[in-house]
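For reference, the chains in residue letters:
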Amino acid sequence: MIMGRFLFPDEYYDSTYSINFKKYYRHGYRAVLFDIDNTLVMHDFPSDPRCLDLIRRIKKTGLKICVISNNDEERVKSFADSVGIEYIFKAGKPLAKGYTMGMKKLGTDTETTIFVGDQLFTDIWGANNAGIHSILVKPIDKHEEIQIILKRRLEAPLIWMYLLKHKMKTKK
């Protein structure tokens, strides 16, 4: 087994905003779980018009949505309420429990749920632990807290190995 295989996403995109969610619905998926910060909006930012439009379009496809965050309830609830979706706060990523709770809230399972996030060591590892289809996206903003910058430096060689293994670039 390749070192870090449990950290490899099933897919890798340039942005959450470039994912064709209709395609996932056509392939039998019925829910999408998201990380919030640097996946849907910049770190600690509220929802914005682009995010609201994306959520509206995803809901229109028939997919249910829940955000899964390690952040506190005030941050997560405020964001989720502003876009009209379910949420799990203090999810304990990379443990599977938050993902499992999200699927339970949405009435889906590992075969019908995808996850989208921007970090390997929390988001993707957790989705893989939960047994759901994992999608890594590039972070929205480069300005981050020091602990996340350090994690990104550790992630870089793993992303390089992933891209080398798949002989592809990120999807546009």
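Report on the accompanying structure. All of these numbers come straight from a predicted model, not from anything done at the bench.

Next up on the list: the overall build of the chain. The helix and strand tally for the chain stands at six helices and six strands. The N-to-C order of helical and strand elements in the chain reads β-α-β-α-β-α-β-α-β-α-β-α. Evaluated residue by residue, the chain yields a buried proportion of 51% over its 172 residues. Across the chain, contacts joining residues at least 24 apart in sequence account for 67% of those joining residues at least 6 apart. Counting every atom, the chain has about 8,800 Å² of accessible surface; 59% of that belongs to carbon and sulfur.

Let us look at the pairing of strand 2 (residues 31–34). Note on strand geometry: in a regular strand, side chains alternate between the two faces of the sheet. What you see with strand 2 is no split at all: Ala-31 and Leu-33 on one side and Val-32 and Phe-34 on the other are buried throughout. Where the polypeptide runs from strand 2 across helix 2 (residues 49–61) and back to strand 3 (residues 64–68), its parallel neighbour, the crossover connection is right-handed. Examined bridge by bridge, strand 2 and strand 5 (residues 113–117) share four bridges and lie parallel to one another. Opposite Leu-33, over in strand 5, you have Phe-115 as the bridge partner.

Attention now goes to the sheet that holds strand 4 (residues 86–88). Taken together, the six strands give an open sheet; going across it, the order is 1-6-5-2-3-4, and neighbouring strands pair in parallel fashion. This sheet does not close on itself; its edge strands, each paired only once, are strand 1 (11–13) and strand 4. Each adjacent strand pair in this sheet contributes to an overall mean axis angle of 25 degrees, direction not counted. As defined by bridge partners, strand 3 adjoins strand 4 across three bridges and the pair is classed as parallel.

A large share of strand 3 lies buried, amounting to four of its five residues. With four bridges connecting them, strand 2 and strand 3 associate as parallel partners. By the bridge assignment for strand 3, Val-32 is matched with Ile-65. On the question of chirality, the crossover connecting strand 3 to the parallel strand 4 by way of helix 3 (residues 73–83) is right-handed.

Geometrically, a packed helix pair is captured by the angle between its two axes and the distance between the axes. Here helix 2 crosses helix 3 at 65 degrees, and the two axes come no closer than 10 Å. Contacts between helix 2 and helix 3 involve Cys-51, Leu-52, Ile-55 and Lys-59 from the first element and Phe-79, Ser-82 and Val-83 from the second.

Another aspect to go through is the nonpolar core. Of all hydrophobic cores here, the largest spans 28 residues; its most connected members are Phe-21, Phe-34 and Val-67. For this core, the secondary structure elements donating two or more residues are helix 1 (21–26), strand 2, helix 2, strand 3, helix 3, strand 5 and strand 6 (133–137). Counting 13 residues, the second-largest nonpolar core is a separate cluster that includes Leu-33, Cys-66, Tyr-99 and Ala-130.

In this section: helix 5 (residues 120–130). Among the 11 residues in helix 5, eight count as buried, and that is most of the element. Those residues of helix 5 not exposed but buried are Leu-120, Phe-121, Thr-122, Asp-123, Ile-124, Gly-126, Ala-127 and Ala-130.

Of the positions making up helix 4 (residues 97–106), those classed as buried are Gly-98, Tyr-99, Gly-102, Met-103 and Leu-106. Taken around the axis of helix 4, the buried residues stretch over an arc of 140 degrees, which confines them to a single face. One or two steps after helix 4, the chain reaches Gly-107, where phi turns positive at roughly 75 degrees.

A negative phi angle is the norm for most residues apart from glycine, just as the trans form is the norm for most peptide bonds. Residues Lys-93 and Pro-94 are joined by a peptide bond in cis, for which omega reads 20 degrees. Among the secondary structure elements, Pro-94 is positioned in the loop between strand 4 and helix 4. Here the phi dihedral of Asn-38 falls at roughly 65 degrees; this positive angle occurs in a residue that is not glycine. On the accessibility criterion, Asn-38 (2% relative accessible area) is buried. Positive phi is not limited to glycine here, since Lys-90 has a value of about 45 degrees. Examined against the element boundaries, Lys-90 turns out to sit in the loop between strand 4 and helix 4.

Conventions and cut-offs
Residues numbered from 1 in each chain as written. Predicted model: local features only at pLDDT ≥ 70, side-chain atom pairs only at ≥ 80, totals over all residues. Heavy atoms only, no water. Helix = DSSP H or I, 4+ residues; strand = E, 2+ residues; numbered from the N terminus. Buried < 20%, exposed > 50% of the residue type's maximum accessible area, 1.4 Å probe, protein only. Contact = heavy atoms within 4.5 Å. Areas by Shrake-Rupley, 256 points an atom, 1.4 Å probe, with all protein chains shown as cover. Right-handed = clockwise from strand over helix to strand, strands pointing away. Pairing = 2+ DSSP bridges. Axes fitted to C-alpha atoms, helices over the stretch in contact; angles between N-to-C directions. Core = buried A, V, L, I, M, F, W, Y, C linked by side-chain atoms within 4.5 Å. Arc of directions from axis to C-beta.

That's the geometry; what it means functionally is another story.
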